[in-house]
Amino acid sequence: MKALILLSSLGVITLLAEIFSFKKLLYPLVLLGLIATFVFNLSDWNTNMTYFKMMRFDNYAVAFTSVILVVAFLWFLMSESYFKEETSLTDHYALILFALAGSVIMVSYTNMAMLFLGIEILSIPMYILAGSKKNDLNSNEAAFKYLIMGAFATGFLLFGIALIYGASGSFDLAEIKDYITLHPANIEPIFYTGILLMLIGLAFKVSAAPFHFWAPDVYQGSPTVITAFMATIVKTAAFAAFLRLFNNCFASVSVVWVNIVWVMAALTLLIGNITAVMQSNTKRMLAYSSVAHAGYMLLALLAGNSYSSNAILFYAAAYSIGSIGTFCVLFIVAGAKGNEDVESFNGLGKSNPLLAFVMTAALLSLAGIPPTAGFFAKYYIFTAAFQSGYTGLVLVALLASLVGVYYYFRIIIAMYFKESNTETIPVQLNHKLLLIAVAAAIILLGLCPDFIIRLL
Amino acid sequence: MITTYLFYFLSFLAIMFALMVVLSKNPVHSVLYLVLAFFTIAGHYVLLNAQFLAAVHVIVYAGAIMVLFLFVIMLLNLNKETEPHKSVWLKASAAVASGLLLVVLVGSLKGAETIVQVNAFNPNIGLIENLGQTLFHDFLLPFEVSSILLLAAMVGAVMLGKRSIK
């Protein structure tokens, strides 16, 4: 709750900057605000407070909020230049902060009304920011596609919530759970239909196949910093919401949805990884890779055991940090070279060793190679799935990650083994800080994963 | 008794107008039929004794939003020539997918008449007083939080709308 209040008031304060002209101070103010929010959020640890029967800040919510806030801090380090454009500077800050407030709601809701509001508060700023390069046709396309498809998916979600309300007579997760346990034999068919419709709506938000069609276009068309936000924070929040609903509330009727999620996870893994191989545009490739990573997280959702929430938390953290690193390097390189093709990375190992090193670490982490965080993330996900007996799906996931190694290594090979006579790209100080932090986090989490894994 | 007849009459109209929205060729006609469909749904609200909801539904949906739709359609100047042609496969798969959704929904509603009523129906639930009680008591937090949503949407609309200073 403290996090929600702080973030939304920070958003309002940034809007006031236009009137009271302290726009210059906004960047440090927002960074400080995020740190303060992080500290206050941690003070909710183990309190398990419930607010208005609508949100509960249990350890699950606090842990996911902390991951989101850390990633948001890194994201702000990456995107200072995005907040340079004079006209809509405060709007950008405010929208991002409101989106963060929405993600806090999504990880802590205990009521369907809050879930819906959280998803919308996160999505609407994203629709707008996807189109924030107003003169770029691709950006317009991305915003438009995201808006139309997102609204469509929200329709499914709402319809599902309505049907569940029709059957159980409540929006409250605990009461819906009670309804299931009290009527084990005669649950209404509309309740099951409601679950399926909600599944569709949420699968869209996490871009799981076959509802991933929007993701590549939207990720490619949006400004790179916004793509990074979508690939990390939006995905983490959406998965936390997904898990909270399905592994808690709908767990006892899992017969209805496990097979569907099984197929979805397998499709997401295969389609995401195989299509990523065929991309020459790095940003589009990372978009498909982010689709593929949704598949791994679906595995833990499917497992639905005591490992699941820890596994998803760790995976979301490792994946988000790795993604922020890759997107930051891509942002710097594409900014200097003018295009996002894999060829732009040629010879980066010689000209910018730091960029190349961090990119390598981040990509290895995304691919799941041992000394990095990504390895343990995948390991825990697979353990969770194994414990629940999804051996076949784990095999599919292993094969898919082998394919993944191939396209991640294409960039690494381009950086170190391909020649090109480029000069050193100048790197800003905050980008340097971010890159070092990302590399350190990836290696630290890889060496001592116990940090996060025993939290929940 | 009369409410039952009214219910069937309004439902028939609602379904017919909804079909006309999809079937009519002219987009302006579609929007007008949608307005009529909204009116019939507002009638349903009145039958449920939810006058406030009915009034809001007419004012907001049939009034404001549909007028906006009409303006957009007129500004876009849609006609036959500019309409993109979809391939047969796309049309066929869309028909199959939505048909399947229809089957699922009809199948799930088939058993609906046997639903055990979890909460007894309170005929006064739709009156403004009760609505206010619910909104400002049980759903106070969502009510307050939706202000963030509206603020974000407004900021976004202004951001997209304003001209950048050179």
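Quantities reported herein were computed from a predicted structural model and do not represent experimental measurements. (Residues numbered from 1 in each chain as written. Chains lettered and ligands numbered in written order. Predicted model: local features only at pLDDT ≥ 70, side-chain atom pairs only at ≥ 80, totals over all residues.)

A. Molecular detail of the overall build of chain A. Counting its regular elements, chain A contains 19 helices and two strands. Whereas a compact globule of 456 residues would reach a radius of gyration of roughly 23 Å, chain A reaches 21 Å, a difference of no more than 12%. Looking at chain A residue by residue over its 456 residues, the buried ones come to 59%. Partitioning the contacts of chain A with sequence separation of at least 6, the portion at a separation of at least 24 is 80%. (Helix = DSSP H or I, 4+ residues; strand = E, 2+ residues; numbered from the N terminus. Rg over C-alpha atoms; globule rule 2.2 N^0.38 Å. Buried ≥ 20, exposed ≤ 12 C-beta atoms within 10 Å, placed from the backbone. Contact = placed C-beta atoms within 7 Å.)

B. Structural view of the overall build of chain B. The helix and strand inventory of chain B stands at six helices and zero strands. Mapped in sequence order, the helices and strands of chain B form the string α-α-α-α-α-α. Once local pairs closer than 6 in sequence are excluded, the contacts in chain B between residues at least 24 apart make up 53%.

C. Quick look at the interface of chain B and chain A. Between chain B and chain A, the contact holds 28 residues from the first and 31 residues from the second. At 14 residues, helix α6 (residues 140–161) of chain B tops the list of elements feeding residues into the side of chain B that touches chain A. Here the side of chain B that touches chain A is composed, by residue class, of 20 nonpolar, seven polar and one charged. (Nonpolar A, V, L, I, M, F, W, Y, C, P; charged D, E, K, R; others polar.)

D. Geometry of the confidence of the model for chain A. The predicted model of chain A has a mean per-residue pLDDT of 91, with 100% of residues at 70 or higher. Averaged pLDDT values over the elements of chain A bottom out at 78 in helix α19 (residues 450–453) of chain A and peak at 95 in helix α5 (residues 112–130) of chain A. (pLDDT = per-residue confidence, 0-100.)

E. Up close: the packing of helix α3 (residues 59–78) of chain A against helix α13 (residues 308–337) of chain A. Residues and elements named next belong to chain A. Their axes nearest at 10 Å, the elements α3 and α13 cross at an angle of 5°. Taken together, the axes of α3 and α13 are roughly parallel relative to one another. Contact residues: α3 offers Y60, A63, F64, V67, V71, L74, W75 and M78, while α13 offers S309, L313, A316, A317, S320, I321, I324, C328 and F331. Taken together, the residues of the contact of α3 with α13 sort by class into 15 nonpolar, two polar and no charged. (Axes fitted to C-alpha atoms, helices over the stretch in contact; angles between N-to-C directions. Parallel < 35°, antiparallel > 145°, perpendicular 65-115°, else oblique.)

F. Representation of unusual backbone geometry within the structure. Residues and elements named next belong to chain A. The peptide bond linking A209 to P210 adopts the cis configuration, its omega dihedral lying at 0°. Structurally, the position occupied by P210 is in the loop between α8 (189–205) and α9 (214–221). The phi dihedral of N48 falls on the positive side, at around 55°, and the residue is not glycine. When you line up the elements, N48 lands in the loop between α2 (26–42) and β1 (49–51). When the 13 C-beta atoms within 10 Å are taken as the criterion, N48 is described as partly exposed. Positive phi, normally seen in glycine, also occurs at S207, with a value near 55°. Mapping S207 onto the fold places it in the loop between α8 and α9. A count of 29 C-beta atoms within 10 Å places S207 in the buried class.

G. A look at the environment of A:D58. Among the secondary structure elements, A:D58 is positioned in the loop between β2 (55–57) and α3. Taking the C-alpha atoms as reference, A:D58 lies 33 Å from A:V218; in sequence the two are 160 residues apart.

H. Just the environment of A:H431, in detail. All names here are of chain A. Looking at the secondary structure, you find H431 in helix α18 (residues 429–447). In this structure, the C-alpha to C-alpha distance between H431 and L74, residues 357 residues apart in sequence, is 9.3 Å. If near-sequence neighbours (up to four positions away) are discounted, H431 is found in contact with M78, C328 and I332.

I. View of α6(B). All names here are of chain B. Along its 22 residues, α6 runs 32 Å from first to last C-alpha, staying within 8% of the 32 Å computed at 1.5 Å per residue. For α6, every residue scored as buried is listed here: L141, P142, V145, I148, L149, A152, V155, G156 and M159. Buried residues of α6 fall within an arc of 140° about the axis and therefore sit on the same side. Across α6 from its buried face, at more than 90 degrees, point the exposed residues E144, S147, L150, M154, A157, V158 and G161. (Expected span 1.5 Å × (residues − 1). Arc of directions from axis to C-beta.)

J. Local environment of the nonpolar core. Formed by 191 residues in total, the largest nonpolar core has its most connected members in A:I105, A:M106, A:L299, A:A300, A:Y315, A:I381 and A:V438. Once residues within four sequence positions are removed from consideration, A:I105 is found in contact with A:L4, A:M55, A:M114, A:L117, A:G118, A:I121 and B:V145. Counting residues in hydrophobic clusters, the runner-up holds 10 residues, among them B:V35, B:A37, B:I41 and B:A50. (Core = buried A, V, L, I, M, F, W, Y, C linked by C-beta atoms within 7 Å.)

K. Main features of the environment of A:E343. With respect to the helices and strands, the residue A:E343 is situated in the loop between α13 and α14 (348–351). Distance from A:E343 to A:S88, taken between C-alpha atoms, is 33 Å for residues 255 residues apart in sequence.

L. Local environment of the packing of helix α11 (residues 254–277) of chain A against helix α17 (residues 391–417) of chain A. Residue and element names in this part refer to chain A. Put simply, α11 and α17 touch, their axes get as near as 8 Å, and they point 15° apart. Accordingly, the angle class assigned to the pair α11 and α17 is roughly parallel. Here α11 and α17 pass one another in a crossing that is left-handed. Contacts from W262, A265, A266, L269, L270, N273, I274, A276 and V277 in α11 reach L393, V396, A397, A400, V403, G404, Y406 and Y407 in α17. For the contact of α11 with α17, the class distribution of residues is 15 nonpolar, two polar and no charged. (Left-handed = near helix turned anticlockwise from the far one by under 90°.)

M. Geometry of helix α2 (residues 27–47) of chain B. All names here are of chain B. Over its 21 residues, α2 extends 30 Å from the first C-alpha to the last, a length consistent with the 30 Å expected when each residue adds 1.5 Å. Every buried residue belonging to α2 is among V31, L34, V35, A37, F38, I41, A42 and G43, and all of these are buried. In this structure, the buried residues of α2 make contact with α1 (2–23) and α3 (51–76). Where α2 terminates, the next one or two residues include N49, which has phi positive at roughly 65°.

N. Looking closely at the confidence of the model for chain B. Residues and elements named next belong to chain B. Averaged over chain B, the pLDDT score is 86; the fraction of residues at 70 or greater is 89%. The lowest-confidence element of chain B is α3, averaging 87 in pLDDT; the highest-confidence one is α6, averaging 93. Interface confidence for the predicted complex, given as ipTM, is 0.92, next to a pTM of 0.93.

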